[in-house]
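So the chains spell out like this:
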Amino acid sequence: VKDRAMEFYHEMARIRCFEEEVRRRFRRGELPGWQILYDGEEAIAVGICLALQDGDQVFGTHRGHGYSITKGVDMRQMAAEFHGYANGICKGLGNPFHISHTEKGITTGGIVGGTIPLATGAALAFSMQGQSNVAVTFFGDGASNQGVFHECLNMASLWKLPVVYVCENNGYGEMTPIEHVTTVPDLSDHGKLYGMPSMTIDGNDVELVYATGLEAAERARGGGGATLIECVTRRWAGAYEGDQQKYIPSDEMDTWRRQNDPIRILGERLLSREEATQDDLDSILHGATKEVHDAFADLPDNSHLTREDLELLTYSHRSRRVSTERSPM
Amino acid sequence: VKTLKYRQAIIEALREEMEQDESVCILGEDVAIGGVFLATRGLVDQFGRDRVRDTPICEAGFTGISVGAAMFGLRPVVEIQFFDFILLALDQIINHGAKMRFMSGGQHRVPLTIRAPSGARMEAGGVHSQTYEVLLSNIPGLHVVCPSTPADVKGLLKSAIRSDDPVIVIESYNLYRMEGDVPDGDHMVELGKANVVCEGSDVTIVGVGSIMPTIIDAVGMLASDGISCEVVDLRSLAPLDWDTLIASANKTGRLVVAQDGPPHLGLGAAVVGHLSGPLFGKLRSAPKIVAPPHCPVPGPGPSMQIYYPDAESIERTVRIALE
């Protein structure tokens, strides 16, 4: 348990440091496009992804860096992707928030709720092919009002598919509080209607998220069907990096950060359980900071696709001829 | 060679591909009992309810699920009961299925077939009869085919199922009872190849899908007057066989496009626009487009009778092109 908790701490620190580095570089104008950051929600990606096995598939949201990092995607390839370089994970074509890494089992999407059917379909494929893998999809509170959310919960329940639905209820869909757009008190209530185990938990308690995720994943793996987990949290960066968040009462986020920082919560718990010293925690943070710094340092910027490459990558029969392979970093 | 109905050719293509490849499965509304127009009839007996899977009525959901299943090992064939209902699934098709390969830098593949039969010329009203041949042909990452004969529907459907990309197969309910010769064995038709249905010297008539029998009727009427028409059935809209089309129009020097879809920025506009470069100065008369009026498809009755181009209107247009 101790080693596991230290791993949680390390993985959450890696995400936090990565997002802070992306924010710094984005604000300095070094990264093109947009950035949508995950800090504040680290416990969910880490708790769920570490409860999975090789071959399980994770489907993320547009706020998708955390899942990729925890699934082991190389930060340097992510950094290259954010610059739009051809040696990025998706040849610079998934930038900024559509990172996929098939070997690591991660696919993200930019439409609210859009990956819910993809995960459900992956679960159908696992089920029909007799594989023991599980599909997990993350989505925000806003996605719970999308039609495909309900359509997929219905089919997953009907066909007992090995899928875990993880709702990151961070309180706001775009810039509107969730309670302004639904009368449903707990978003996990939706799952109960479809007859699947459903629960609302503290999304900032990584150990609780992990335990809940593990139980759901093992239930799915054992043929027990789908689970809906609502994780209550907050997004620190707003809808996108640069969002002034004027729609949020000024003291709300300060209080939230003070009281519900998932990294601080786990750190204090580790100290009080005497499973770590402050030096241990500082050392983890220091290591993560260095890893992130190295990932972004001196990226080669000489790899670009041609217009022809772009067309070749659009269809499979053409892609076989594409010359641009992922070049070594 | 054997004679099959269009509908039977669909079943045969599905059966052959499902026999050869266990990853091929069917999803859609009522597919287990054969679908409303019986294009999956009998398959459930051979392959079971897992592989011939009835879905709830939720096109976005089950199409999206099929995209996800295609990304992870299956080759799903989705039946959208009427082409009109594909509109409910466009986010999953366009924002996910069509660009998953590209946006993942070529890592993902989506071997998905979507059968979307059009109810054109079926007297089924404004939301069960629409023909948007070009709507999805404008989306990078999708293939779109529109077979008009039993042989073509079999061959193109089999190619679609074996493709590693999403393919939209726009069938036509008005053709389901059409009989035609289908070659024996593993009959395949390559995606992106047009068919010169009949050779001629005076004019090239271009069409696709549900309107093809009407074009053939018009050609018969013109032949009795000694007018020699070359008919190009595009069969595939994305990719489109421009080479065959350009060669034909270059030869005859006259071009008429006939379509069941709306005219504004439609198939005829695209064909004439594309050919205006390579054929600049080479046509003997202005290209013509025969199309419905730019309005929704009317319900059954006199208004629908004047909506779709008939053989007479195609014949009349060809005569104008020849003046």
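Notes on the structure follow.

Looking at the packing of helix α1 (residues 2-27) of chain A against helix α2 (residues 42-49) of chain A
All names here are of chain A.
Move 1: Interaxial distance between α1 and α2 falls to 9 Å at its minimum, and their mutual angle equals 135°. For the element pair α1 / α2, the angle class is oblique. With respect to the hand of their crossing, α1 and α2 are arranged in right-handed fashion. Across the interface between the two elements, F8, E11, M12, I15 and R16 of α1 pack against E42, A43, A45 and V46 of α2.
Move 2: The class makeup of the residues in the contact of α1 with α2 is six nonpolar, no polar and three charged.

A word on the nonpolar core
Move 1: Ranked by internal contacts, the top residues of the largest apolar core, which has 111 residues, are V163(A), Y165(A), I86(B), I93(B), L136(B), I168(B) and L234(B).
Move 2: Top contributing element to this core by residue count: helix α5 (residues 115-128) of chain A, with eight residues.
Move 3: Apart from residues lying up to four places away in sequence, V163(A) is in contact with A119(A), A123(A), A135(A), A156(A), A220(A), G225(A), A226(A) and T227(A).
Move 4: By size, the runner-up hydrophobic cluster in this structure holds 63 residues, among which are A43(A), Y67(A), M75(A) and I201(A).

Regarding helix α9 (residues 267-275) of chain B
Residues and elements named next belong to chain B.
Move 1: Looking at α9, one finds that the buried residues are L267, G268, V271 and L275. Each buried residue of α9 lies within a common arc of 95° when the element is viewed along its axis, so the set occupies one face.
Move 2: Its buried side turned inward, α9 meets β12 (236-238), α8 (242-252), β13 (255-258) and β14 (288-290).

So, the environment of V24(B)
Residue and element names in this part refer to chain B.
Move 1: For V24, the position within the fold is in strand β2 (residues 24-28).
Move 2: The exposure class of V24 is buried, given its relative accessible area of 1%.
Move 3: Placed 87 residues apart in sequence, V24 and P111 show a C-alpha to C-alpha distance of 9.8 Å.
Move 4: With near-sequence residues (within four places) excluded, V24 lies in contact with E17, M18, R51, R75, V77 and I161.

What about the pattern of salt bridges?
Pairs may arise between side chains of opposite charge once their charged atoms sit close together.
Move 1: Within the structure shown, the criterion is met by 43 salt bridges over all chains.
Move 2: With a closest N to O distance of 3.3 Å, R4(A) and E7(A) form a salt bridge. Here E7(A) and R4(A) lie together in helix α1, a separation of three residues that amounts to about one turn.
Move 3: Its relative accessible area of 30% is what places R4(A) among the partly exposed residues.
Move 4: According to the relative accessible area criterion, E7(A) is partly exposed, its value standing at 32%.
Move 5: The salt bridge partner of E21(A) is R25(A), with a shortest N-O separation of 2.7 Å. Of the two residues, E21(A) and R25(A) both sit in helix α1, four residues apart, roughly one turn of that helix. The burial state of E21(A) is the same as that of R25(A); both residues are buried.
Move 6: Bridged by salt links that share partners, the residues K2(B), E12(B), E16(B), E17(B), K154(B), K158(B), R162(B) and D186(B) form one connected network.

Conventions used here
- Residues numbered from 1 in each chain as written.
- Chains lettered and ligands numbered in written order.
- Predicted model: local features only at pLDDT ≥ 70, side-chain atom pairs only at ≥ 80, totals over all residues.
- Heavy atoms only, no water.
- Axes fitted to C-alpha atoms, helices over the stretch in contact; angles between N-to-C directions.
- Helix = DSSP H or I, 4+ residues; strand = E, 2+ residues; numbered from the N terminus.
- Parallel < 35°, antiparallel > 145°, perpendicular 65-115°, else oblique.
- Left-handed = near helix turned anticlockwise from the far one by under 90°.
- Contact = heavy atoms within 4.5 Å.
- Nonpolar A, V, L, I, M, F, W, Y, C, P; charged D, E, K, R; others polar.
- Core = buried A, V, L, I, M, F, W, Y, C linked by side-chain atoms within 4.5 Å.
- Buried < 20%, exposed > 50% of the residue type's maximum accessible area, 1.4 Å probe, protein only.
- Arc of directions from axis to C-beta.
- Salt bridge = Lys/Arg side-chain N within 4 Å of Asp/Glu carboxyl O.

So yeah, pure geometry; function would need other evidence.
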